[in-house]
Amino acid sequence: MDDLNVNNEPALKQFVPTPSRPPRKSERGIIGAIRHRCFNSIGNSLLTLCVAVVLFYLLKYILDWAVFNAVFIADNRRQCMDISPDGACWAGVISWFNGLIYGRFPLEEQWRVNSGVLLGLAWLLPLMSKRVALRNFILLSWIGLYPFVGAYLFLGGRFGAELGLLHGTMTCFALAFLTIIYTNWILSGLGKKGLNELFVPLVSRWVQRRIHLLSFLAIWLLMALFIAFGLSYVALEPVAIERWGGLFLTFIIAGFAITMAIPVGVVLALGRRSKLPVIHWISMIIIELVRSVPLITVLFMAVTLLPIFLPADMEFNKLTQVLVAVCLFAGAYMAENIRGGLQAIPKGQYEAAATLGLGYLHTMVLVILPQALKMMIPNIMTSFISLLKDTTLVSIIGLFDIMLMARNIANDKDWVGLHTEPLVMISVLFFVLCYSMSQYSLNLEKRLKVDH
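Reading the values: the criteria
Residues numbered from 1 in each chain as written. Predicted model: local features only at pLDDT ≥ 70, side-chain atom pairs only at ≥ 80, totals over all residues. Heavy atoms only, no water. Helix = DSSP H or I, 4+ residues; strand = E, 2+ residues; numbered from the N terminus. Rg over C-alpha atoms; globule rule 2.2 N^0.38 Å. Buried < 20%, exposed > 50% of the residue type's maximum accessible area, 1.4 Å probe, protein only. Contact = heavy atoms within 4.5 Å. Areas by Shrake-Rupley, 256 points an atom, 1.4 Å probe, with all protein chains shown as cover. Lys, Arg positive; Asp, Glu negative; His and termini not counted. Charge placed at Lys NZ, Arg CZ, Asp CG, Glu CD. Axes fitted to C-alpha atoms, helices over the stretch in contact; angles between N-to-C directions. Parallel < 35°, antiparallel > 145°, perpendicular 65-115°, else oblique. Left-handed = near helix turned anticlockwise from the far one by under 90°. Nonpolar A, V, L, I, M, F, W, Y, C, P; charged D, E, K, R; others polar. Phe/Tyr/Trp six-rings, centres within 6.5 Å; stacked < 30°, edge-to-face > 60°. Lys NZ or Arg CZ within 6 Å of the ring centre and 35° of its normal. Domains from an automatic or database assignment. Patch = residues over 30% accessible without salt bridge, like charges linked within 9 Å, V, L, I, M, F, W, Y side chains within 5 Å. Salt bridge = Lys/Arg side-chain N within 4 Å of Asp/Glu carboxyl O. UniProt positions renumbered as here; feature names shortened; annotations may be inferred. pLDDT = per-residue confidence, 0-100. Disulfide = S-S within 2.5 Å.

Within the chain, the secondary structure is distributed over 21 helices and zero strands. A compact globule built from 452 residues should have a C-alpha radius of gyration of about 22 Å, whereas the chain, at 31 Å, is more than 25% larger. Projected onto its principal axes, the C-alpha coordinates of the chain cover approximately 120 × 80 × 55 Å. Among the 452 residues that make up the chain, the fraction classed as buried is 35%. Long-range pairs, those at least 24 residues apart, make up 67% of the contacts in the chain with a sequence separation of at least 6. Accessible area for the chain stands at about 28400 Å²; split by element, carbon and sulfur atoms hold 67% of it. Within the chain, the 26 negative side-chain charges are centred at a point lying 8 Å from the centre of the 36 positive side-chain charges.

Once that is clear, we can look at the packing of helix α13 (residues 246–272) against helix α16 (residues 318–344). At a closest axis distance of 5 Å, the pairing of α13 and α16 adopts a crossing angle of 45 degrees. Considering the angle they form, α13 stands oblique to α16. Considering the relative orientation of α13 and α16, their crossing is right-handed. Its residues assigned to classes, the contact of α13 with α16 comprises 24 nonpolar, two polar and three charged.

Tallied over the entire structure, the rule returns 16 aromatic pairs. Seen in terms of ring centroids, F154 and W244 are 5.9 Å apart; in terms of plane orientation they differ by 85 degrees. Their pairing is edge-to-face. With F154 in helix α9 (residues 146–155) and W244 in the loop between α12 (211–231) and α13, the pair connects residues that are 90 residues apart, well separated along the chain. For F154, a relative accessible area of 8% translates into the label buried. On the basis of relative accessible area, W244 is assigned to the buried category, the value being 7%. Members of the aromatic cluster, joined through ring pairs, are F105, F154, W244 and F248. Geometry around F400 places R104 over its ring, the cationic atom sitting 4.2 Å from the centre. When the ring centre of Y333 is taken as origin, the NZ or CZ atom of R291, which lies over that ring, is 5.3 Å away.

Glancing now at the domain arrangement of the chain. Domain boundaries in the chain define domain 1 (29–68) and domain 2 (108–238). Computed over C-alpha atoms, the centres of domain 1 and domain 2 are 54 Å apart.

Turning our attention to a nonpolar patch on the surface. A contiguous nonpolar surface patch, about 990 Å² in accessible area, is contributed by L47, V51, L55, L58, L59, Y61, I62, L63, V67 and F68. Residue placement: L47 occurs in helix α3 (residues 42–68).

A few words now on the UniProt feature "domain: ABC transmembrane type-1" (unreviewed entry) in the chain. Summarizing the sequence annotation, UniProt attributes the feature "domain: ABC transmembrane type-1" (unreviewed entry) to residues 247–441 in the numbering used throughout. End-to-end, the C-alpha atoms of residues 247–441 are 23 Å apart, and along that stretch the chain is 78% helix and 0% strand.

Take the pattern of salt bridges next. When charged atoms on two side chains of opposite charge get close, those side chains can pair. Applying the stated rule across the entire model yields six salt bridges. A salt bridge links R272 to E336, with the shortest nitrogen-to-oxygen separation between them at 3.1 Å. Within this pair, whereas R272 is found in helix α13, its partner E336 is found in helix α16, the two being separated by 64 residues in sequence. You can call R272 buried: its relative accessible area is 14%. Within the structure, one salt-bridge network assembled from shared partners comprises R272, E288, E336 and R339.

Here we take up the confidence of the model for the chain. For any part of a model where pLDDT is low, the fine detail of the predicted coordinates should not be relied upon. Looking at the chain, pLDDT values average 85 and 92% of them are 70 or higher. Per-element confidence in the chain ranges from a low mean pLDDT of 50 for helix α1 (residues 2–8) to a high of 93 for helix α14 (residues 277–291).

Interaxial distance between helix α17 (residues 347–355) and helix α18 (residues 360–375) falls to 10 Å at its minimum, and their mutual angle equals 160 degrees. Classed by the angle they form, the pair α17 and α18 counts as roughly antiparallel. When the axes of α17 and α18 are compared, the crossing they make is right-handed. Mapping the contact onto sequence places Q349, Y350 and A353 in α17 and T363, M364, V367, I368 and Q371 in α18. Residues belonging to the contact of α17 with α18 are distributed by class as follows: five nonpolar, three polar and no charged.

Time to look at the state of the cysteines. As enumerated under the stated definition, the model contains one disulfide in all. In this model C80 forms its disulfide with C89; the gap between the sulfur atoms is 2.2 Å. Of note, the bridge from C80 to C89 carries an S-S torsion of about 60 degrees and is right-handed in sense.

What follows covers the environment of V67. Mapped onto the secondary structure, V67 falls in helix α3. Owing to a relative accessible area of 43%, V67 belongs among the partly exposed residues under this scheme. When the C-alpha positions of V67 and W90 are compared, they lie 9.5 Å apart, and in sequence the two are 23 residues distant.

This is the structure in structure tokens:
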């Protein structure tokens, strides 16, 4: 009987998980999401309808004024008013578009501005490829060498005459470095060795250490000599700095200040955390003095007070004084952001670096600063966005940036009183630039996994 009962027992059932239930139909798709978020209650539905009505009439008014009733072709503002009194007069902005972009830069020389901007973008283009080695050095070369090339194109002149010997030499080395970057990039895409590898057998006959570095320096020097020989026959028409303006000048000031903000901020932040009293107090005084006054005060001090403390035979143009003031202002604010990141690094990181035998310089460069800068990306990008917007203050001290050029439209005899349209155009432009910087910051945080 026992054997019979054992044989008649049912087999053990296997566990079969129940399939996941699909979401409610009301939450599926865009319509379901809108219904769930905006019409989930009577009060929320009424609020959604009110906002929709306000946005409809607001967008209708903006589109009517800026697009449907706007005037794009006219000879003067009076003609715009006769054609469409209720629409925007974009014809004035279009007629002044060249001045808004290039300021008073000569029309026949504006190709140099375009070439300089494209050259700066081309310098950074290899950073997008993972095949290029030592990409950090490409970024550092852009910071240290590209300004010489840009200044050569924007200022013009000829070697030995308007262009100084140092400036000309650094321009040749910068162009040679860019040529080597692109040549090695193309060769790596073809699966071949870099250009500097050609000199390795020759250099190895003379030295036994740092063969690759010396080979690179040799090809760099040789390339610079060829470029210097070619540029000696080129003479660009000199353009005074006083004629620079528009969006071109705004980008120069903002780009230079953003580029120099982190190096100056790192130096001031490390100086303020230094245990040496002299360095600590000097850094703290600079930071607190600059941060305690608005940017316009720093600009006025740089333009009016700085020449008083300089020798009588030493003169700087207004743009140089503004660049120094803006870089100092940006560096002081950046120093506090970086100091906050340094304080957030655990003490164990310092102890681990000391255990490995790293000194102060290597500890900061290789261990501490990369973590601190990565941690403070949102604060750093916020400072950059504020700095880009604050560059419009230079119009108060007489630099013809895009804001001052926009105000000059209303002083033109053909476009007297045209204030709204240029300011709207500048607002949209700065919104696009600032929003792009903000989105790049978010993308950078995700790539570096800052939240981990």
